[in-house]
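# A closer look at the structure
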Amino acid sequence: RFRVSEAGAMLIEAERRMLLGQHEIARAYARLNGLNRIMFEPDRPRIGILTTGKTYYDLRQSLRDLGLDERAMQAAGIRILKIGMIYPLDADALRDFARGLEEIVVVEDKRPLLETALKEALY
């Protein structure tokens, strides 16, 4: 049987471990296993497109439909980052992706999870 103060201290410690320790372990796992990776890297990147999951495949099809094959994307300087692990999101991966870009487009469906995370990572 626990006292309220003991239970509170245990819950606080469990939350601290989860937020600080386990999230960092998950982000390290994503980095080591290439879960969030640049899918297209031009020689001189200017425009970045950030997406995840099925939306990535929809994006690639849309670019093809617009006549943007790999040669055209290379000429336009389009860099694409596909997020494979959306939570906890690796802010370092977002900052690395954004480095040197003039503009970033976020393509996602429903709620602005990636957009919000990108804004927080960059600002």
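Residues numbered from 1 in each chain as written. Predicted model: local features only at pLDDT ≥ 70, side-chain atom pairs only at ≥ 80, totals over all residues. Heavy atoms only, no water.

### Examining the overall build of the protein chain
Helix and strand content of the protein chain: five helices and four strands. For 123 residues, the compact-globule estimate of 2.2 N^0.38 gives 14 Å, and the C-alpha radius of gyration of the protein chain, at 19 Å, exceeds that figure by more than 25%. Evaluated residue by residue, the protein chain yields a buried proportion of 31% over its 123 residues. Looking at the protein chain as shown, the accessible area adds up to about 8,600 Å², and 54% of this sits on carbon and sulfur atoms. Computed over 20 positive and 19 negative side-chain charges, the inter-centroid distance for the protein chain is 4 Å. (Helix = DSSP H or I, 4+ residues; strand = E, 2+ residues; numbered from the N terminus. Rg over C-alpha atoms; globule rule 2.2 N^0.38 Å. Buried < 20%, exposed > 50% of the residue type's maximum accessible area, 1.4 Å probe, protein only. Areas by Shrake-Rupley, 256 points an atom, 1.4 Å probe, with all protein chains shown as cover. Lys, Arg positive; Asp, Glu negative; His and termini not counted. Charge placed at Lys NZ, Arg CZ, Asp CG, Glu CD.)

### Overview of the pattern of salt bridges
Summed over all chains, the structure comprises nine salt bridges. Here Arg27 and Glu24 are joined by a salt bridge, their closest N and O atoms 3.3 Å apart. With Arg27 and Glu24 both in helix α1 (residues 4-32), this residue pair falls three residues apart, about one helical turn. The class of Glu24 is partly exposed, set by a relative accessible area of 35%. Several salt bridges share partner residues, and in doing so they unite Glu24, Arg27, Arg31 and Asp90 into one network. (Salt bridge = Lys/Arg side-chain N within 4 Å of Asp/Glu carboxyl O.)

### Concerning the sheet that holds strand β2 (residues 47-52)
Strand order in the open sheet formed by four strands is β1-β3-β2-β4, with mixed pairing between adjacent strands. The open sheet has two edge strands, β1 (37-40) and β4 (103-106), and neither has a second partner. Within this sheet the neighbouring strands show an average axis-to-axis angle of 30°, counted without direction. One ladder, built from three bridges, connects β1 with strand β3 (residues 78-83); its direction is antiparallel. Looking at β3, one finds that Phe40 is bridged to Ile80. Strand contacts of helix α5 (residues 113-122): β2, β3 and β4, with the helix running at about 150° to β4, the strand carrying the most contacts. (Pairing = 2+ DSSP bridges. Axes fitted to C-alpha atoms, helices over the stretch in contact; angles between N-to-C directions. Contact = heavy atoms within 4.5 Å.)

### Thoughts on the pairing of β2
When you tally the buried positions in β2, you get five out of six residues, the bulk of the element. One ladder, built from four bridges, connects β2 with β4; its direction is parallel. Bridging across to β4, Gly48 finds its partner in Ile104.

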